[in-house]
Every structure is written in C-alpha cells, then in structure tokens.
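So you can see what is in the structure, the chains are spelled out below.
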Amino acid sequence: ALQTPFAYLTTVNIDNTATTILKWIGFVVVFLFGPLNVGCTYVLRNTVKEQHVFMWSDFFYAIRKNLKQAIIFGLLDCMCFAAILYALPFYYTYATTFAMQMLLVAMIMITLLYLVMRVYIYLMIVTFDLNFRKLYKYAFILATAGIKRTIMMLAGLFTLFILSAYLVILLKSLGLLLLFIFTLAFAYLICVYCAYPVMKKHMIDPFYDEDGNSKD
C-alpha cells in the first residue's frame, strides 16, 4: 500500500509462437541480406553491360562464388543501417543548438556517402577479388571520383521515392504493392547503372581489354 503512490503501469511483452517465428525470420533475413544483394548486383551488372542474363542461374552463381564475403559484408551493412536509423532521429531530435545542427548535417552527408559506397562495394565483390580494407577504400575513391554520376544517382533515387510516396498516398494499396515489387528493384537498377561505368573507367579499362584479358 505504501508503494502504490510510486507505482506505475507498464506493458510486459511475452513471446509466443508467432513472435518467435518472426524473430527467426528476421534473423534469417539479416543473415541472407548480403548474399541477396550480391546476387541482385551480379544480375543487374550484366544487364547494364548488355550481356545475356540467365536470371536464376546467374543469381545463385554469384552467391555461391562470393558467399563468405557476401555474408560478412551483409552483416556489416545491416549494422551500418541500424546505426544510421538510430543516429539520424537522435541528431534531428536534439538539433536545437548550432553544434548539434552541424552534427546532423554531417550525419546526413555520411549517410549519403555510405549509400553510394555500398553500391560500389557490392559491384566490386562480384567483379574483383579484394579484401574488405580495399573494398571500402576503393568504394570511397570511386564515390568521390564519379561525383557527377553520384549526384545523378542520388537525384534519381530521390525522384523515384518521392513519386512512390505520392502514389502510396494517392492509391494506397497499389502504391504499397508497387513499392515492394517495382520501386526497390528500379532503385537498385539506377544505382548500378550510375556506378558501373565509373568502376569500369577507373578499375577495368586501364588493366583489362574488352574480353577480360589482362593488358600486362
């Protein structure tokens, strides 16, 4: 009775069969995030190169060939996304001083840079045999060296998602359906279409001929 004035109501979440299954599904999705991106990147890269694409065989070929690196980078990629999703709302909420506003701007710039870098990293995983240090290093160099295509990529993604959001508001059911079926796939195609020529110019053309043979 004495503790009643100091007590408060709260909600206690207890796992049931459904939540347990969903948690395991979430774990599997995180674990497979990298391999799925690698497979999609390989198919889209060949599409941009105007090569013949055998959808499922090429998809699983890329995963088998780069499985270890794909899983490791996929986990790192998910952790980076989790950090970004935590940091951006945090800095936005506390952006009441000039210093915090500058940190928010810096976080937005870092987020945009990482979103571009990860496209190059997946492209390099399916194209070259590089360690993680070189993947991040070269991704940063390519993202800055191809600044025009980087800007074009971000502008295309921004336009696509604005149109998708408007469609969701206008036609909710159809908009949500297209968001998962069309928007995400087309956004990835935009990324690979903008990024691959930059990688080809700086990492392939100087060292390999059109048939993939070394020029040395």
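What you are looking at is a predicted structure, and each value in this text was computed from that prediction instead of being measured.

Trainee: Outline the side chain of Arg45, supporting the account with residue identities and numerical values.
Mentor: Position of Arg45 among the secondary structure elements: in helix α1 (residues 17-48). Discounting chain neighbours no more than four positions away, the residues touching Arg45 are Leu123, Val126, Thr127, Val192 and Tyr196.

Trainee: Mind laying out the pattern of salt bridges, listing which residues take part and the relevant values?
Mentor: For the coordinates displayed, the defined rule picks out two salt bridges. Measuring nitrogen to oxygen at the nearest pair gives 2.6 Å for the salt bridge that ties Asp77 to Arg118. Taken together, the residues Asp77 in helix α3 (residues 67-93) and Arg118 in helix α4 (residues 98-127) connect sequence positions 41 residues apart. Overall, Asp77 belongs to the buried group, its relative accessible area being 0%. By relative accessible area, which is 11% here, Arg118 ends up buried.

Trainee: Which residues make up the side chain of Thr183, and what values do they have?
Mentor: Along the chain, Thr183 falls in helix α7 (residues 172-204). Thr183 has contacts with Leu160, Phe161, Ser164 and Leu178, leaving out every residue within four places of it along the chain.

Trainee: Quick one: what's the story with unusual backbone geometry, residue by residue and with numbers?
Mentor: One non-glycine residue, Glu50, lies in positive phi territory at about 60°. Its location among the elements puts Glu50 in the loop between α1 and α2 (55-65). With a relative accessible area of 74%, Glu50 lands in the exposed category.

Trainee: Which residues make up the packing of α1 against α4, and what values do they have?
Mentor: How two helices sit against one another is set out by the angle between their axes and by the gap between those axes. Where α1 contacts α4, the two axes come as close as 9 Å, and the packing angle between them is 75°. Here α4 runs roughly perpendicular to α1, going by the angle between their axes. Contact residues: Phe33, Gly34, Asn37, Val38, Thr41, Tyr42 and Arg45 in α1; Arg118, Tyr122, Leu123, Ile125, Val126 and Thr127 in α4. Residues belonging to the contact of α1 with α4 are distributed by class as follows: seven nonpolar, four polar and two charged.

The rules behind each value
- Residues numbered from 1 in each chain as written.
- Predicted model: local features only at pLDDT ≥ 70, side-chain atom pairs only at ≥ 80, totals over all residues.
- Heavy atoms only, no water.
- Helix = DSSP H or I, 4+ residues; strand = E, 2+ residues; numbered from the N terminus.
- Contact = heavy atoms within 4.5 Å.
- Salt bridge = Lys/Arg side-chain N within 4 Å of Asp/Glu carboxyl O.
- Buried < 20%, exposed > 50% of the residue type's maximum accessible area, 1.4 Å probe, protein only.
- Axes fitted to C-alpha atoms, helices over the stretch in contact; angles between N-to-C directions.
- Parallel < 35°, antiparallel > 145°, perpendicular 65-115°, else oblique.
- Nonpolar A, V, L, I, M, F, W, Y, C, P; charged D, E, K, R; others polar.

These values are about where atoms sit, not about what they do.
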